[in-house]
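One letter stands for each residue in the lines below.
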Amino acid sequence: VQLVESGGGLVQPGGSLRLSCAASGFTFSSCGMSWYRQAPGKERKFVASITTSGGGTNYADSVKGRFTISRDNAKNTVYLQMNSLKPEDTAVYYCRAVRLPDFGSWGRGTQVTVSA
């Protein structure tokens, strides 16, 4: 089982980034997928989630209207499009796969830094 995040980096306030999370070793299309983030010295927090088919999404209030989660089951990949980035979005971003009742896996994360 492997989840590999990519696409992080340094961006100026107001800029955009698209994160990707490539999955392997499990049936991606049967898992709900989520993005979480963890800022330095803080707890990991929920950012966004998407259902198995991609028909349902959910967002943290802090990112609504700025971030968009999507998935491509043919490519075993989930994305997070981040627009209008703010310094407070700076964090390590992690993807997570879940299939109830007993499967869950985390990626290792990708750093996003928003700074002038």
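Definitions and limits used
- Residues numbered from 1 in each chain as written.
- Predicted model: local features only at pLDDT ≥ 70, side-chain atom pairs only at ≥ 80, totals over all residues.
- Heavy atoms only, no water.
- Pairing = 2+ DSSP bridges.
- Helix = DSSP H or I, 4+ residues; strand = E, 2+ residues; numbered from the N terminus.
- Axes fitted to C-alpha atoms, helices over the stretch in contact; angles between N-to-C directions.
- 1 Å grid on protein atoms, 1.4 Å probe; cavity = no way out; pocket = protein on both sides within 12 Å on 5 of 7 lines; lining within 4 Å.
- Points joined across faces, edges and corners; volume = space filled by probe spheres on them.
- Nonpolar A, V, L, I, M, F, W, Y, C, P; charged D, E, K, R; others polar.
- Core = buried A, V, L, I, M, F, W, Y, C linked by side-chain atoms within 4.5 Å.
- Buried < 20%, exposed > 50% of the residue type's maximum accessible area, 1.4 Å probe, protein only.
- Contact = heavy atoms within 4.5 Å.
- Salt bridge = Lys/Arg side-chain N within 4 Å of Asp/Glu carboxyl O.
- Phe/Tyr/Trp six-rings, centres within 6.5 Å; stacked < 30°, edge-to-face > 60°.
- Lys NZ or Arg CZ within 6 Å of the ring centre and 35° of its normal.

## A closer look at the sheet that holds strand β1 (residues 2–6)
Within the open sheet, the 4 strands sit side by side as β1-β3-β8-β7. Their pairing is antiparallel. Here the strands that pair on one side only, and so sit at the sheet edges, are β1 and β7 (67–72). Across the sheet, the mean angle from the axis of one strand to that of its neighbour is 15°, orientation sign disregarded. Bridge count for strand β3 (residues 17–24) against strand β8 (residues 77–82) is 6 bridges, and the pairing is antiparallel.

## Observations concerning the layout of surface pockets
Roughly 210 Å³ of internal volume is contained in the largest pocket. For the largest pocket, the lining is made up of 13 residues, of which Arg37, Ala39, Lys42, Lys45 and Glu88 are closest to its centre. If you tally residues by element for the lining of the largest pocket, the top one is strand β5 (residues 45–50), at 3 residues. Of the residues belonging to the lining of the largest pocket, the class tally is 6 nonpolar, 2 polar and 5 charged.

## Some points on the nonpolar core
If you look at the biggest cluster of nonpolar residues, it comprises 30 residues, and the most contacted ones within it are Trp35, Val78, Leu80, Met82 and Tyr93. For this core, the elements supplying multiple residues, two or more each, are β3, β4 (32–38), β5, β7, β8, β9 (91–99) and β11 (110–114). Dropping the residues within four chain positions of it, Val78 is found in contact with Leu19, Ser20, Cys21, Phe28, Met33, Trp35, Ile50, Ile69, Ser70, Arg71 and Cys95.

## Quick notes on the pattern of salt bridges
Pairing is possible between side chains of opposite charge, provided their charged atoms come close. The full count for this structure, using the stated rule, is 3 salt bridges. The partner of Asp89 in a salt bridge is Arg37, with the nearest N and O atoms 2.9 Å apart. Separated by 52 residues along the polypeptide, Asp89 in the loop between β8 and β9 and Arg37 in strand β4 bring together distant segments of the chain. Note on Asp89: relative accessible area 1%, which makes it buried. Salt bridges sharing common partners tie together Arg37, Arg66 and Asp89.

## Notes on the pairing of β1
The alternating pattern of β1 places Leu3 and Glu5 on a buried face, while none of Gln2, Val4 and Ser6, on the opposite face, is buried. Looking at chain direction, β1 and β3 are connected through 5 bridges and run antiparallel. Along β3, the bridge assignment pairs Ser6 with Ser20.

## With respect to the packing of aromatic side chains
Evaluation of the coordinates by the stated rule reveals 4 aromatic pairs. Arranged with centres 5.7 Å apart and planes meeting at 80°, the rings of Tyr36 and Phe46 form a pair that is edge-to-face. Here Tyr36, found in strand β4, pairs with Phe46, found in strand β5; they are 10 residues apart in sequence, far enough to count as distant. Of the residues examined, Tyr36 reaches a relative accessible area of 16% and is grouped as buried. On the basis of relative accessible area, Phe46 is assigned to the partly exposed category, the value being 28%. For the pair Tyr36 and Trp106, a centre-to-centre distance of 5.0 Å together with 70° between the ring planes defines the contact as edge-to-face. Here Trp106 lies in strand β10 (residues 103–106) and Tyr36 lies in strand β4, a separation of 70 residues in the sequence. Seen from the ring of Tyr94, Arg44 lies directly overhead, with NZ or CZ sitting 3.6 Å from the centre. Here the guanidinium or amino end of Arg99 rests over the ring plane of Phe103, the centre of that ring lying 4.9 Å away.

Such coordinate-based values are descriptive only and should not be taken to indicate function.
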